[in-house]
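Examination of the molecular architecture
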Amino acid sequence: MQISKANGPIIWLTNLRVIATLAVILIHSAANLLLSFHRVPDALWWNANVYNGCMRFAVPIFVMLTGALVVGKEEPYGAFVSKSFQRIVVPFLFWNIFFVYFNWAVRLRGKSFHSLEELIRWIGQQYFTGGSYHFWYVYMVMGLYLFIPIISTWIRQASEKQIQYFLGIWLLTILFNNSHFPVLDSPVPLPYFTGYLGYLVLGYYLRHKDFNHLGQIRFWAIALFLIGTAWTLIGTYQLSIRDAKFYGLLYANFSPSVVLSTAGLFLLCKYFPFEIRVLIPLREWISSHSYGIYLVHILVLFYIAKIGIHFKLVHPSLGIPVTAFSCLLISGAIVWLLRKIPGGAKVSG
């Protein structure tokens, strides 16, 4: 497969990173209302379903961006692992300190430990599992980065048909052998084709693939995004009605509807690149601080809720995005300020 060369930042990939960063915060800003299905009027709940359901592409897009920007590069294993450790692991270790303290001071209300050994064991557990639920993403990315040197060696030598073959089998695993869809279980195990590795390869492929007939690919990009999003929103509502509680089957990162909307958005940004000149500095600022924003934003959401900034601030149609943008700006400002401190750039993310 021929790889297109590009130097410097690529506008549409930067746009995707910013969109995914905001999407993650919108998802978490709408979560409490989303989980209140049947305890609030449906008309109110739909605000959360729209803001949350429309943004399910967030994590898959981040993984696809890694595939688009990192996979395929020729780099010594040691240098790659060392650089990845500094970029991903060090900021995580730093920010997890604050979540460990938060868990002790707020969730455990300053619990006293009976011995130093018990304290050390508890802190170790906080790092082993992550001090916050959103840190699952960091552990997943660590695993992917360990595998990237291997997949990069293969993908540099692979033909387009071989990459398409891999992606085709991966797409089958979205329907078969997927724990979210036991009714479609297959007797043929396909563990080597499953998981986030597929999004990694898909990101590489869709970035470097030059499609002919731009009108057709743009049409299909829009169609994939709209069909996937509508499937997620309407299907989630119907399943929740059936179970009389929120049911997030179609919200999963490997839901077919999410795969469709994610691929559609990726192609939309590639073939409809856009720039709003006045917003370029903000876009570049968010993009350059995105990892740190991701790491800290859950703490920010917790504390801004204490001062009344949450989905109930006004009607949820405004309260959710106001909360998300407030969290985005405050989180970014925290990361920006940390970088001003000597050595802060290494731990801020």
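Numbering of residues starts from 1 in each chain and follows the order in which that chain's sequence is written. pLDDT decides what is reported in this predicted model: residues at 70 or higher carry local features, side-chain atom pairs at 80 or more are listed and counted, and totals for whole chains, interfaces and linings draw on all residues regardless. Each side-chain value is derived from all of the structure's non-hydrogen atoms; neither hydrogens nor water enter the calculation.

Only runs of H or I of at least four residues qualify as helices and only runs of E of at least two qualify as strands under DSSP, and these elements are numbered from the N terminus. Summing up its helical and strand segments, the chain has 14 helices and zero strands in all. In the chain, the succession of α and β elements from N to C terminus is α-α-α-α-α-α-α-α-α-α-α-α-α-α. Here the chain has a C-alpha radius of gyration of 21 Å; the compact-globule value for 349 residues is 20 Å, and the two agree. Expressed along its principal axes, the backbone C-alpha trace of the chain runs to roughly 60 × 55 × 50 Å. Values of the radius of gyration come from C-alpha atoms, whereas the globule rule sets the reference at 2.2 Å times the count of residues to the power 0.38.

One number per residue, pLDDT, summarises how confident the predictor is, and it ranges from 0 to 100. When the pLDDT values of the chain are averaged, the result is 91; 96% of them are 70 or greater. Within the model, pLDDT remains below 50 along residues 2–7, and this stretch shows six contacts once partners closer than five positions in the same chain are excluded. Between two residues, a contact is recorded if the distance between any of their heavy atoms is within 4.5 Å.

We define a salt bridge as a contact between a side-chain nitrogen of Lys or Arg and a carboxyl oxygen of Asp or Glu at a distance within 4 Å. Following the criterion strictly, the structure yields seven salt bridges and no others. For E117, the salt bridge is made with R121, and the minimal N-O distance between the two is 3.2 Å. Of this pair, E117 and R121 both sit in helix α5 (residues 116–129), four residues apart, roughly one helical turn. R121 carries the same exposure label as E117, and that label is exposed. E160 is paired through a salt bridge with K209; the nearest N and O atoms lie 2.6 Å apart. In this pair, E160 is assigned in helix α7 (residues 160–175) and K209 in the loop between α8 (196–208) and α9 (214–243), connecting sequence segments 49 residues apart. Partly exposed describes any residue whose relative accessible area lies between the buried limit of under 20% and the exposed limit of over 50%, with all areas from a 1.4 Å probe on protein chains only and scaled to the type maximum.

Stacked, tilted and edge-to-face are the three classes applied to pairs of Phe, Tyr and Trp rings, where Trp contributes its six-membered ring and a pair requires centres within 6.5 Å; stacked means planes under 30 degrees apart, edge-to-face means over 60, and tilted covers the rest. Taken as a whole and judged by the stated rule, the model has 33 aromatic pairs. Ring plane angle 80° and centroid distance 6.3 Å describe the contact between F37 and Y237, whose orientation is recorded as edge-to-face. In this pair, F37 sits in the loop between α1 (11–34) and α2 (42–53) while Y237 sits in helix α9, placing the two residues 200 residues apart along the sequence. Exposure remark for F37: the relative accessible area of 3% places this residue in the buried category. The class of Y237 is buried, set by a relative accessible area of 17%. Here the aromatic residues F62, W136, Y137, W170, Y196, Y199, F254 and Y294 are joined through ring pairs into a cluster of three or more. Note on geometry: a ring has a charge over it if NZ (lysine) or CZ (arginine) is within 6 Å of the ring centre and within 35 degrees of the ring normal. In this arrangement the basic side chain of R242 is found over the ring face of Y247, its NZ or CZ atom lying 5.4 Å from the centre.

What follows covers the packing of α1 against helix α10 (residues 256–271). Structural elements are reduced to axes, namely lines fitted to C-alpha atoms, with helices fitted over the stretch in contact, and the angle between N-to-C directions of any two is expressed from 0 to 180 degrees. The geometry of α1 relative to α10 is characterised by a closest axis approach of 8 Å and an angle of 140° between their N-to-C directions. With respect to α10, the element α1 is oriented oblique. Here the hand of the crossing between α1 and α10 comes out right-handed. Mapping the contact onto sequence places W12, L13, L16 and I19 in α1 and L265, F266, C269 and K270 in α10. Note on angle classes: values under 35 degrees are labelled roughly parallel, values over 145 roughly antiparallel, values of 65 to 115 roughly perpendicular, and the remainder oblique. Left-handed is the label given to a crossing in which the near helix is rotated counterclockwise from the far helix by less than a right angle, and right-handed is the label when the rotation is clockwise.

Here we come to the nonpolar core. Think of a nonpolar core as a cluster: buried Ala, Val, Leu, Ile, Met, Phe, Trp, Tyr and Cys residues, connected wherever their side-chain atoms sit within 4.5 Å. Counting residues in each nonpolar core, the largest one holds 99 residues, and the members touching the most others are L16, W170, Y199 and F266. The biggest single contributor to this core is α1, with 14 residues.

This part covers the packing of helix α4 (residues 77–107) against helix α6 (residues 136–157). Two numbers describe how α4 lies on α6: the axes approach to 11 Å, and their chain directions differ by 165°. One way to sum up the angle between α4 and α6 is to call them roughly antiparallel. Where α4 crosses over α6, the handedness of that crossing is right-handed. Seen from α4, the contacting residues are Y77, F80, S84, R87, I88, V89 and F92; seen from α6, they are V138, Y139, V141, M142, Y145, I148, P149, I150 and T153. Following the grouping adopted for this structure description, the nonpolar residues are Ala, Val, Leu, Ile, Met, Phe, Trp, Tyr, Cys and Pro, the charged ones are Asp, Glu, Lys and Arg, and the polar ones are all others, Gly among them. Residues that form the contact of α4 with α6 fall into these classes: 13 nonpolar, two polar and one charged.

Bringing α7 into the picture now. What a helix should span is 1.5 Å times the count of its residues minus one. A rise of 1.5 Å per residue sets the reference length of α7, with its 16 residues, at 22 Å; its end C-alpha atoms lie 23 Å apart and thus fit the reference within 8%. Structurally, α7 contributes buried residues whose contacts are with α6, α8 and α10. With its phi angle positive at about 60°, N177 sits one or two positions after the end of α7.

Right, let's talk about the environment of F211 for a bit. Counting through the fold element by element, F211 comes out in the loop between α8 and α9. Placed 60 residues apart in sequence, F211 and Y271 show a C-alpha to C-alpha distance of 9.9 Å. With sequence-adjacent residues up to four places away left out, F211 is seen in contact with L206, I217, L267 and Y271.

Our focus in this paragraph is unusual backbone geometry. Positive phi values are uncommon outside glycine, yet R109 reaches one of about 55°. As for its placement among the helices and strands, R109 is situated in the loop between α4 and α5. We classify R109 as exposed; its relative accessible area is 74%. Phi at H213 takes a positive value of approximately 55°, unusual for a residue other than glycine. Mapped onto the fold, H213 is located in the loop between α8 and α9. Assessed through its relative accessible area of 56%, H213 is described here as exposed.

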